[in-house]
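Notes for the structure review
The residues making up each chain are set out below.
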Amino acid sequence: MKGDAIIKLHIEKALKSNFLLQEAKITVEVLNGNALLSGQVDKYHKKDMARKIAKEVQGVKIVTEEIAVILNSSDKCSDNEIELNIIERFIKNFGNSNKDIKIIIRDGNVCLEGLVKWKYQKDLAKECIMDIKGITGIENNITTPEQPKSIINEKDIFAAIYGDPSISTDIKIEIIGQRVVLKGEVLNVEQKNLVTRLVRNVSDVQEVENFLTVARIS
C-alpha cells in the first residue's frame, strides 16, 4: 500500500497535469489514504473535476472536497441569468419533466428541489448544470420514490465490468428491479459499448441504460 506522502504527491501531480486546473490553488492533505482537498477554484465544475481526479489516484480511499469557488469578475452573473441557463439545460435533458424540479438561487448558490422518477435523473440534474457560468455552489435536494428491491447482485455487475482488463475507470451503477443504470466515464466509445454488453450478460438483467461519458483527451 502506498504511503500518504506518495499518494499526496501523485494527487498533486494529477491535478497539475490537468490543463483546466493548472492555475487552481488546491491544497492536498492525505491521512491513512483519505484525501482532503481545500483551497479555491474560479469555476464551480472544477471542484468536481478535482475530486474525480483525486479519487482515481491509486491508494486513495475517500476524497473530501472543501474547495471554495471564487469567481472572476467576468464570470459573475445575476441569479436570473443563472436560472434561465439552468432551465434551458433541464429542458434539453429532461423534456417536460424539467417542471418537476424547483430551482432556488441566491447569490450564485443553487438549490434543487422536487421529485423525479429515477436516481440517475437526480444526479444528472446536478451534473448537467455544473459548468454554467456564475454558479458558486449546488445543493441537490431532489428526491426519488422508494424503488423495489432488486434481485440483481451489485457485486455481479462490478465483477462483469472489471473482469475485462481494459476497463479501469470509475463506473457507478444503479440497480432498479431488473434494470441497470450506468454512470461514470470511459476512455472511448468502444469501451462504452463493451460495458453495456458485459452488463447485459449478467443473470437477471433485463435492461441497461448507459449514461457513461467518453473522456476528453486534451
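Our subject is the structure listed above.
Right, let's walk through the structure included here. Everything quoted here is computed from the prediction, not taken from an experiment.

Here's the deal with the packing of helix α3 (residues 79-94) against helix α4 (residues 119-127)
The geometry of α3 relative to α4 is characterised by a closest axis approach of 10 Å and an angle of 145° between their N-to-C directions. Relative to α4, α3 is oriented so that their crossing is right-handed. Every residue of α4 that contacts α3 at F90, N93 and F94 is listed here: Q121, L124 and A125. Residues that form the contact of α3 with α4 fall into these classes: four nonpolar, two polar and no charged.

Observations regarding the sheet that holds strand β1 (residues 25-31)
Pairing is mixed across the open sheet formed by three strands, whose spatial order is β1-β2-β3. What marks the edges here is a single partner per strand, and that holds for β1 and β3 (62-69). Adjacent strand axes in the sheet meet at a mean angle of 10°, parallel and antiparallel pairs treated alike. Sheet analysis places strand β2 (residues 34-41) next to β3, joined by eight bridges and oriented parallel. Among the inter-strand pairings, V41 is bridged to a residue of β3, identified as V69. Packed onto the sheet, helix α1 (residues 4-17) meets β1 and β2 and runs at close to 155° relative to β1. In the packing of helix α2 (residues 45-56) onto the sheet, the strands contacted are β1, β2 and β3, and the crossing angle to β3 comes to about 155°.

Rules behind the numbers
- The residue numbering used here restarts from 1 in each chain and proceeds along that chain's sequence as written.
- Two thresholds apply to this predicted model, a pLDDT of at least 70 for residue-level local features and 80 or more for giving and counting side-chain atom pairs, whereas whole-chain, interface and lining totals are computed over all residues.
- Side-chain metrics in this entry use all non-hydrogen atoms of the structure; hydrogen atoms and water are not considered.
- As a rule, the C-alpha atoms of each element are fitted with a line to give its axis, helices using only the stretch in contact, and angles between N-to-C directions run from 0 to 180 degrees.
- The helix and strand labels rest on DSSP assignments: H or I over at least four residues marks a helix, E over at least two residues marks a strand, and numbering proceeds from the N terminus.
- Handedness of a helix crossing follows the sense of rotation of the near helix relative to the far helix, less than a right angle counterclockwise being left-handed and clockwise being right-handed.
- Whether two residues are in contact is decided by their heavy atoms, any of which lying within 4.5 Å being enough.
- When residues are grouped by polarity, Ala, Val, Leu, Ile, Met, Phe, Trp, Tyr, Cys and Pro land in nonpolar, Asp, Glu, Lys and Arg in charged, and all others, Gly among them, in polar.
- Strand pairing is assigned whenever DSSP identifies at least 2 bridges connecting the two strands.

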